[in-house]
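Given next are the chains, with one letter for each unit.
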Amino acid sequence: MTQNRKDKALKMNPDAAKVLDDIPFAEPPASGSWITDYAWVSGLAGALTVVVCAIFYKWTGVLDNGVHFMGLTLTHTQEDSLLLAVVIVAVSMLLTEGIRLLLRDPKNFFQPNPELKAGRYLGFLRECVVNWLLYLGLLSLVVLFFRTAGEYGYANQHPFYHAWFRLLDLAFTVYLWAGFPYVLITRALKHDPVSDRRDFSSLMGRMLRLVVSLVPGLASLRPRLNEVDKKAARALLVKLFFTPLMTVYFLDQFPHLVNNVGYVAGALRESIANGSYTHASFNNDLINISFALIFSIDVGLAWCGYVVSSRWVNNQTITAEPSVLGWAVCLFCYPPFNTVPGLYYSSPSEKIVFQLQNETLVSVLIVLSALSSFIYMSATLWFGVRFSNVTNRGIIRKGPFAFVRHPAYASKNFLWWCMIFPYLVFNAPRMGWEIALLQILGLMLITWIYYLRAITEERHLSADPYYRAYCQQVKYRFIPGVI
């Protein structure tokens, strides 16, 4: 079926999406704003919530005493308290985005289910029960996978992913009791056949039918898996890979931010007042405080994007990267796959800059790196609840994306070169030119990997008319006016 025929079929009958091989892309409006133009509002809400939570956690001693509210003890352990913080950030973002979309189009925000309009309550209830059970089954399979996959170390209680398993247990319990009311309300008030077809429950149902069809005599139940199913499967893989990482990353970064709140309010003020504060202290504080703040916000916002896909905030995955190369160059940037290109580790960490002797030069490099990190974080912020790697969940064209197509990749690479390259140049005679050149080669390899990420990402997104329109507006990939 051609794209025009798909568009016409979907326009005449939204339920036609259920039988199409693929769901047509929407066309961008000729003028006016896109729905994603103010997605940053939810990102800003999440960023502010991260900061407020850090202040509150330090002020009340949450990391030591747990979270207490109105006489109730909500958390007993530091791990649960940190998980609660990232959940609070996500709730703040979701509520903000939901309200924004409601105010943007109040007439069409709610779409009552036609089954209820027609009085077919039993059919509607059966649909909701099936959807809830399919999701419950999918979540059970997810829990089973992570408990048996050796990389995550559930059997020997590996500490790195311990928080992720705790989150899985909590999520399963919450969905077991609250999942059905959510499905009931969502299906009643947000009817959308396209979202139904993209739903993971739809994929789970078709996969279940596929398994059942293997039983002799039941071959007629075998579904014909099409492009919509493939896209949903890839979107699910994105969540399964990145959500554990974002969970443990947040639990690693956020305590540093909480402690820095206390340091800024106490020891820092005292050392400045008594004259013991030095230039070296300033450099050390600048990198620790700025990086803890920026990356706590970045990971907190990303966590919400990876975990939640809901029609209430219009952030379901439209497509996910279809090529092996696109997946490979992305996965090479994250554990455990970043051990594959060995040269990735031939470059030292960013804090190697402290080995330079000139404190003023160190200050300049740290300031430039902090600004680069801020741009990197702002790219995540502008996505709001739509952030995710190797997926299309709506095209962003404002904020840093109004200047270059890949602000996060450009700023991240600038940070590495800014922090590491000067050290290698100044210290090459001492460490040996062979080692210095090898480490520079490692930096070049990282940059090349991110270049490939940008290229494969553009190839993937170019199927979307919104992205093609965006590329007409923003010509440069990494540096405005240059490249």
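Calculation rules
Residues numbered from 1 in each chain as written. Predicted model: local features only at pLDDT ≥ 70, side-chain atom pairs only at ≥ 80, totals over all residues. Heavy atoms only, no water. Helix = DSSP H or I, 4+ residues; strand = E, 2+ residues; numbered from the N terminus. Buried < 20%, exposed > 50% of the residue type's maximum accessible area, 1.4 Å probe, protein only. Contact = heavy atoms within 4.5 Å. Areas by Shrake-Rupley, 256 points an atom, 1.4 Å probe, with all protein chains shown as cover. Phe/Tyr/Trp six-rings, centres within 6.5 Å; stacked < 30°, edge-to-face > 60°. Lys NZ or Arg CZ within 6 Å of the ring centre and 35° of its normal. Core = buried A, V, L, I, M, F, W, Y, C linked by side-chain atoms within 4.5 Å. Axes fitted to C-alpha atoms, helices over the stretch in contact; angles between N-to-C directions. Parallel < 35°, antiparallel > 145°, perpendicular 65-115°, else oblique. Left-handed = near helix turned anticlockwise from the far one by under 90°. Nonpolar A, V, L, I, M, F, W, Y, C, P; charged D, E, K, R; others polar. Polar contact = N/O pair within 3.5 Å; in protein donor to acceptor, adjacent residues only side chain to side chain. Expected span 1.5 Å × (residues − 1). Bend = angle between axes of the 7 residues up to and from the residue.

Our next topic: the overall build of the protein chain. A count of helical and extended segments in the protein chain gives 17 helices and 4 strands. If you line up the protein chain on its principal axes, its C-alpha atoms span 75 × 55 × 50 Å. Here the protein chain, with 483 residues, has 49% of them falling under the buried criterion. In the protein chain, the share of contacts with a sequence separation of at least 24, taken over all contacts with a separation of at least 6, comes to 79%. Total accessible area on the protein chain is roughly 23900 Å²; 68% of this is exposed by carbon and sulfur atoms.

Counted by the stated rule, this structure contains 31 aromatic pairs. Aromatic pair F109 and W312: ring centres 6.0 Å apart, planes at 50°, arrangement tilted. In this pair, F109 sits in the loop between helix 4 (78-104) and helix 5 (114-117) while W312 sits in the loop between helix 12 (279-307) and strand 3 (319-320), placing the two residues 203 residues apart along the sequence. When its relative accessible area of 18% is taken as the criterion, W312 is described as buried. Of the aromatic side chains, those joined through ring pairs into one cluster are F241, F242, Y306, Y334, F337, F383, F387 and F401. For the cation-ring pair, K190 lies above F109, with the distance from its terminal atom to the ring centre recorded as 4.1 Å. The ring of W34 has R397 lying over it, and the distance from NZ or CZ to the ring centre is 4.1 Å.

Once that is clear, we can look at the nonpolar core. Residues Y57, F254 and Y470 are the most contacted members of the largest nonpolar core, which totals 100 residues. Residue contacts for Y57: discarding those within four places in its chain leaves V62, L63, V67, S81, L84, A85, F254 and V258. Core analysis: the second largest hydrophobic core is formed by 8 residues, F124, W132, Y175 and A188 among them.

Turning next to unusual backbone geometry. The omega torsion across P335 and P336 is 5°, close enough to zero to call that bond cis. Checked against the element boundaries, P336 lands in the loop between helix 13 (324-331) and helix 14 (359-383). A positive phi angle is found at M70, which is not glycine, with a value near 50°. Not every positive phi belongs to a glycine, and V390 is a case in point at roughly 45°. Counting through the fold element by element, V390 comes out in the loop between helix 14 and strand 4 (391-392). By relative accessible area, which is 14% here, V390 ends up buried.

Here we come to the packing of helix 4 against helix 12. Two elements in contact, helix 4 and helix 12, have axes separated by 9 Å at closest approach and are oriented at 65°. With respect to helix 12, the axis of helix 4 lies roughly perpendicular. The interaxial crossing formed by helix 4 with helix 12 has right-handed handedness. Mapping the contact onto sequence places V86, V87, V89, A90, M93 and L94 in helix 4 and G300, L301, W303 and C304 in helix 12. Split into classes, the residues belonging to the contact of helix 4 with helix 12 amount to 9 nonpolar, 1 polar and no charged.

It is worth spelling out the environment of S309 at this point. Its place among the elements puts S309 in the loop between helix 12 and strand 3. Spatially, the C-alpha atom of S309 lies 18 Å from that of L133, the residues being 176 residues apart in sequence. Once you skip the residues sitting within four places of it in the chain, S309 turns out to touch K239, N315, Q316 and R393. Among the polar contacts made by the side chain of S309, one reaches the side chain of K239 at a distance of 2.8 Å. Polar side-chain contacts of S309 include one of 3.3 Å to the side chain of R393.

This part covers the side chain of D229. Structurally, D229 is set in helix 10 (residues 227-265). Separated by 2.8 Å, the side chains of D229 and R206 make a polar contact. For D229, the residues in contact, after removing those within four places along its chain, are R197, L203, R206 and R224.

The subject of this paragraph is helix 10. With 39 residues, helix 10 extends 55 Å from end C-alpha to end C-alpha; this agrees with the ideal 57 Å at 1.5 Å per step. At F242, helix 10 shows its largest kink, close to 30°, and the proline P244 lies no more than four residues downstream. A distance of 3.1 Å separates the backbone nitrogen of V228 from a side-chain oxygen at the start of helix 10, and that oxygen is part of N226.

Interaxial distance between helix 7 (residues 162-189) and helix 10 falls to 8 Å at its minimum, and their mutual angle equals 115°. With respect to helix 10, the axis of helix 7 lies roughly perpendicular. Classified by chirality, the crossing of helix 10 by helix 7 is right-handed. Note on element contacts: helix 10 touches helix 7 through T243, P244, T247 and L251, opposite A163, W164 and L167. The residue inventory of the contact of helix 7 with helix 10, partitioned by class, reads 5 nonpolar, 2 polar and no charged.

Attention now goes to helix 14. For helix 14, with 25 residues, the first-to-last C-alpha span of 36 Å sits near the 36 Å given by 1.5 Å per residue. Capping of helix 14 at its N-terminal end is provided by N358; its side-chain oxygen lies 2.9 Å from the backbone amide nitrogen of T360.

Keep in mind these numbers describe shape, not what the thing actually does.
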